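Secondary and tertiary structure notes
So you can see what is in the structure, the chains are spelled out below.
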Amino acid sequence: MKRLLSLLLASTCLQAAAQQQNMVWIAPTDSLPQILHKAVQVTPTPRQLRWQQLELTAFFHFGINTFTNREWGDGKENPQLFNPSQLDARQWVNTVKAAGIKQVIITAKHHDGFCLWPTTSTKHSVASSPWKNGKGDVVKEVAEACREAGIGFGVYLSPWDMHEPSYGTEAYNTFFVQQLTELLTQYGQIDEVWFDGANGEGPNGKKQVYDFDRWYKVIRKLQPQATIAIMGPDVRWVGTETGHGRTTEWSVVPANHLDPAAVAANSQQDLAFKPAGDMMGDNLGSREKISKAKALVWYPAETDVSIRPGWFYHASEDSLVKTPEQLLDIYFHSVGRNGVLLLNIPPDKRGLIHEQDVKALQQWHQRRNDIFRRNLLSSAQSTLLYSNLLLDKNDSTAYTFDQQQPMQMEWRWRGLQDMNVLLLQEDIRKGQRVENFVLEYLDHDGWKTAATGTTIGYKRLLRFPAVSTSAMRLRITGTRANPVLAEMGIYYDDKQPQHIND
């Protein structure tokens, strides 16, 4: 009874806090229908919605490792090694923007502790390098290039620091806050702060106990609009570095470790928490998972991968840059599986994005443009009265199905149409609802299956063997509440291999 009262108290406090709509409590007495009803009430915060709408973001791994030809430094590198001859942050930013990428993250500090800005916290930085006679600031140049280009800017600050002597003691948390504060106050708006969970030994042989709660509070105070990613409360890691997300990706997942009383006490303060537990399973938000949850939270997945085998630039990998087709496959299995793609594109020793990477990005962008240039549904007749809501390229306008009626729609053309790509989007401002769907096409002897899927979320892309038909229909076969579809598209990719089926 005491636990139930505590949960009800926390739930009441949370409902009163306008900014805390991205989680709900599950009472021990809740039935499965009640839990499903609560699950669809969980929606993204404004910062999470903005992040999801980016779809494509870029990582710039650049630092002392670029000049030592290593992936991980050890903190003993001589800052004199850092000396890019042609560093041009505008070239970096303009290259990724031209590829359709809408936000970048710079490795302000990696595990080696070398800082790309002239911090007052340590001499292990660009201020001790020959680049620009120690007067340079890579973070500043990237931030300014992003503002000029009109795209988002974020920072990665490694919690692990193999150079800093205080690492492994409580003093390091204060040291880290100093570095974090500099980054959050000197470079204008920060749209994302990216932490990983790397935690090894420092110079004294000790490991650090990271004070994430303290760090989150600093970020929320200084840059309240910034998403805190991976080891943070806003965005989680998808679980691999292949660029491929789950075939069933729920943004609403259990948060079973939370203390109701603590959440209630902080409910007016835009609480920052990181849901713990297994975030690596195949299906994090299924009915089975949420039926056993204490709380549910909106916690979407970021899918990261590098355009090269490594994360930092290595000349030996110039011939190993991912091809446009490989990048396209990654796009379908990240953005197309309710995620955001974080693509690493490492600048070289000159301080430029290498020509091979630029070429691959350009061709990848062209392939996407070619595929999605023409939505075949724009020339079809629909059984829906307001089908135009699904074709307006606006994820805030949507068609809501009536669960009391067949949850399906038909589209017909005057002649035959070739097709092999499906796009679906839910209006996630109304939560994530669809559990299963099937796309069918009309053949000479009746309706046949073209593709099947489970979750949709912000965006679902499916490729299937090409069919030629004069009619197709979408049937939603499983849902937690009235489906609210924001967008739908049918496309034909004439370069797609016939055997592909996502």
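Residues numbered from 1 in each chain as written. Predicted model: local features only at pLDDT ≥ 70, side-chain atom pairs only at ≥ 80, totals over all residues. Heavy atoms only, no water.

**Considering the packing of helix α11 (residues 324-332) against helix α12 (residues 355-372)**
Operational definition: The axes used here are C-alpha line fits, helices contributing only the stretch in contact, and every angle between their N-to-C directions lies in the interval 0 to 180 degrees. Working definition: helices are DSSP H or I runs of at least four residues, strands are E runs of at least two. Numbering for both runs from the N terminus. Here is the rule for angles: anything less than 35 degrees is roughly parallel, anything more than 145 is roughly antiparallel, 65 through 115 is roughly perpendicular, and the remaining ranges are oblique. If you view the pair so one helix is near and one far, a crossing is left-handed when the near helix is turned anticlockwise from the far one by less than a right angle, and right-handed when it is turned clockwise. In this analysis, two residues are considered to be in contact whenever any of their non-hydrogen atoms come within 4.5 Å of each other. Gly is placed with the polar residues, together with every amino acid not listed as nonpolar (Ala, Val, Leu, Ile, Met, Phe, Trp, Tyr, Cys and Pro) or charged (Asp, Glu, Lys and Arg).
Following both chains from N to C, one finds α11 and α12 inclined at 55°, their axes separated by 8 Å at the closest point. The orientation of α11 relative to α12 falls into the category oblique. Relative to α12, the crossing made by α11 is right-handed. Seen from α11, the contacting residues are P324, E325, L327, L328, Y331 and F332; seen from α12, they are A360, Q363, W364, R367, R368, I371 and F372. Among the residues making up the contact of α11 with α12, the classes are represented as 9 nonpolar, 1 polar and 3 charged.

**Looking at the packing of aromatic side chains**
Spelled out, the test is: Stacked, tilted and edge-to-face pairs are distinguished by plane angle, under 30 degrees for stacked and over 60 for edge-to-face with tilted covering the rest, among Phe, Tyr and Trp rings (Trp via its six-membered ring) whose centres lie within 6.5 Å. Exposure categories follow from relative accessible area, calculated using a 1.4 Å probe and restricted to protein chains: below 20% of the type maximum is buried, above 50% is exposed, and the middle band is partly exposed.
For the coordinates displayed, the defined rule picks out 28 aromatic pairs. An angle of 65° between the planes, with centres 6.1 Å apart, marks the rings of F62 and F67 as edge-to-face. Owing to a relative accessible area of 1%, F62 belongs among the buried residues under this scheme. We classify F67 as buried; its relative accessible area is 13%.

**Thoughts on the side chain of H111**
The following threshold applies: In protein, a polar contact requires one atom able to donate a hydrogen and another able to accept it; more generally it is a pair of N or O atoms within 3.5 Å, and residues adjacent in sequence count only if both atoms are side-chain atoms.
Position of H111 relative to the elements: it lies in the loop between β3 (103-109) and α6 (138-149). A polar contact of 2.8 Å, which involves the side chain of H111, links it to the side chain of S158.

**Side note on the pattern of salt bridges**
Put simply, the test is: The rule for a salt bridge is simple: a side-chain nitrogen of Lys or Arg has to be within 4 Å of a carboxyl oxygen of Asp or Glu.
Taken as a whole and assessed by the stated rule, the structure comprises 33 salt bridges. Measuring nitrogen to oxygen at the nearest pair gives 3.0 Å for the salt bridge that ties R246 to E249. Look at R246 and you get buried, because its relative accessible area is 10%. For E249, a relative accessible area of 2% translates into the label buried. Here D370 and R373 are joined by a salt bridge, their closest N and O atoms 3.1 Å apart. Sharing partners across several salt bridges, the network here consists of D395, D427, R429 and K430.

**Digging into the confidence of the model for the chain**
Selection criterion: Known as pLDDT, the predictor's per-residue confidence is scaled from 0 to 100.
Taken as a whole, the chain shows an average pLDDT of 90; of its residues, 91% reach a score of 70 or greater. A low-confidence stretch, residues 1-20 (pLDDT under 50), is modelled with 35 contacts involving residues beyond four sequence positions or located in other chains. Within the model, pLDDT remains below 50 along residues 260-269, and this stretch shows 21 contacts once partners closer than five positions in the same chain are excluded.

**A word on α6**
For the record, the criterion: Each helix should span, by expectation, one fewer than its residue count multiplied by 1.5 Å.
The terminal C-alpha atoms of α6 lie 17 Å apart, and with 12 residues this matches the ideal 16 Å at 1.5 Å per residue to within 8%. For α6, every residue scored as buried is listed here: V138, V139, E141, V142, A143, A145, C146 and A149. Two to three positions downstream of the cap, the backbone nitrogen of V139 sits 3.2 Å from a side-chain oxygen, assigning the N-cap of α6 to D137. Looking one or two residues past α6, G150 carries a phi angle of roughly 75°, positive in sign.

**With respect to the environment of L183**
Take L183: it is sitting in helix α7 (residues 170-185). Since its relative accessible area comes to 0%, L183 is described here as buried. Counting along the chain gives 66 residues from L183 to W117, while the straight-line C-alpha distance between them is 8.6 Å. In this view, L183 contacts A108, W117, V139, V155, L157 and I190; residues no more than four positions away in its chain are not counted.

**Observations regarding the environment of P483**
Its location among the elements puts P483 in the loop between β17 (460-479) and β18 (484-491). On a C-alpha basis, the gap between P483 and Q405 in space is 12 Å, while along the polypeptide they are 78 residues apart.

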